Amino acid sequence: MPIIDSQVHVYEANTPDRPWHMEPNWPPRVNGEDMVAAMDAVGVDGGIFVSSFSMYQYDASYALEVYKAHPGRFALIKPINPEDPALADVIAEWKKTPGTVGIRIMLTHGPECDASHPGVNRIAEEAARHDLPVNVLCWGKIEEGRKLIDAHPNTRFVLDHLGIVQPRELPVHANPWADLPNVLDLAKRDNVVIKVSGAGTLSEAGYPYPDIWDPLARVFDAWGMERCLWGTDWTRAAAVLSYEQGVEPFRLTDRISDSERDMLMGGACAKTYGWSPSR
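Bear in mind that the values here come from a model prediction, so they are computed numbers and not experimental data.

1. Some details on the pairing of strand β7 (residues 192–197)
Part 1: Taking burial as the measure, the six residues of β7 include six buried ones, the bulk of the element.
Part 2: This β-α-β element, strand β6 (residues 157–159) to helix α7 (residues 180–186) to β7, shows right-handed connectivity.
Part 3: Bridge count between β7 and strand β8 (residues 228–231): four bridges; the pairing is parallel. Residue Val196 lies in a different strand from β8, and its bridge partner there is Trp230.

Spelled out as structure tokens, the structure:
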């Protein structure tokens, strides 16, 4: 089974030709070549390239360039602007674009962006029309995520980053798994799967993160391994862990069987997005 990282962010250096929207505490550059090299070094076959909202907002042009330069290694997801009156056309065009496998809603960006937002609901409706999974970032607003998922039972959703607020730097905040009961409750909905991405950033013990496995076991039990998509969320997590540190604890742990590992680290992602990498 190919190993597929369910979320990576790839970007150029901040230049006048392609300026960043903001400067997070990420490496100064992780371009397509850098990302492929990092994956190759630890045996990851491909990644779901989520166009970086922090750097490029709703512009996915760099993602398309990387896809063309590295055929078979990346599938693409683009954030959609709920304020865009032409969002239906944007989604329709994205569906036709080679390499695309989904779209993204950012419920965390702006207090007005919640489950009642007309644009957010239009995105969910158009995604269902075009059979595109909607990746939803709702950490810290998980109740809004639940409302959106329940309002659109015919839309396929992917819950980003365990639905749990994750740090961009150390130390980990107190009680990092506080929202876990709400995450487990969401598993009752059959139109949503969950990204087990960035989990290492929730460890208070540090690498190789021995304290994440008990809460993750509850996630696996509630959601079923076939609905759990492992990922690193690198480079958002780069100030907390290296790419290798995001991969190896899952590849080497004895807390899951080989068949469970195959599903978690590739099979569930391939099923969700209808895509597998090829070298």
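2. Description of the packing of helix α4 (residues 87–96) against helix α5 (residues 118–129)
Part 1: It is at 10 Å that the axes of α4 and α5 come closest, and there the two elements cross at 35 degrees. Judged by the twist between their axes, the crossing of α4 over α5 is right-handed. Contacts from Leu87, Ala88 and Ile91 of α4 reach α5 at Gly119, Arg122, Ile123 and Glu126.
Part 2: The residue makeup of the contact of α4 with α5, split by class, is four nonpolar, one polar and two charged.

3. Quick word on the packing of helix α9 (residues 243–252) against helix α10 (residues 258–273)
Part 1: One way to put it is that α9 packs onto α10 with a least axis distance of 10 Å and a crossing angle of 150 degrees. What the angle tells us is that α9 and α10 run roughly antiparallel. Of the residues in α10, those touching α9 at Val247, Phe250, Arg251 and Leu252 are Arg261, Leu264 and Met265.
Part 2: Residues belonging to the contact of α9 with α10 are distributed by class as follows: five nonpolar, no polar and two charged.

4. A short note on the packing of aromatic side chains
Any aromatic ring pair is given by two values, namely how distant the centres are and how the planes are angled relative to each other.
Part 1: If you walk through the whole model with that rule in mind, you get nine aromatic pairs.
Part 2: A ring pair is formed by Trp234 and Tyr243, whose centres lie 5.6 Å apart and whose planes are at 65 degrees; its orientation type is edge-to-face. Each member of the pair, Trp234 together with Tyr243, is buried.

How each quantity is defined
- Residues numbered from 1 in each chain as written.
- Predicted model: local features only at pLDDT ≥ 70, side-chain atom pairs only at ≥ 80, totals over all residues.
- Heavy atoms only, no water.
- Buried < 20%, exposed > 50% of the residue type's maximum accessible area, 1.4 Å probe, protein only.
- Helix = DSSP H or I, 4+ residues; strand = E, 2+ residues; numbered from the N terminus.
- Right-handed = clockwise from strand over helix to strand, strands pointing away.
- Pairing = 2+ DSSP bridges.
- Axes fitted to C-alpha atoms, helices over the stretch in contact; angles between N-to-C directions.
- Left-handed = near helix turned anticlockwise from the far one by under 90°.
- Contact = heavy atoms within 4.5 Å.
- Nonpolar A, V, L, I, M, F, W, Y, C, P; charged D, E, K, R; others polar.
- Parallel < 35°, antiparallel > 145°, perpendicular 65-115°, else oblique.
- Phe/Tyr/Trp six-rings, centres within 6.5 Å; stacked < 30°, edge-to-face > 60°.

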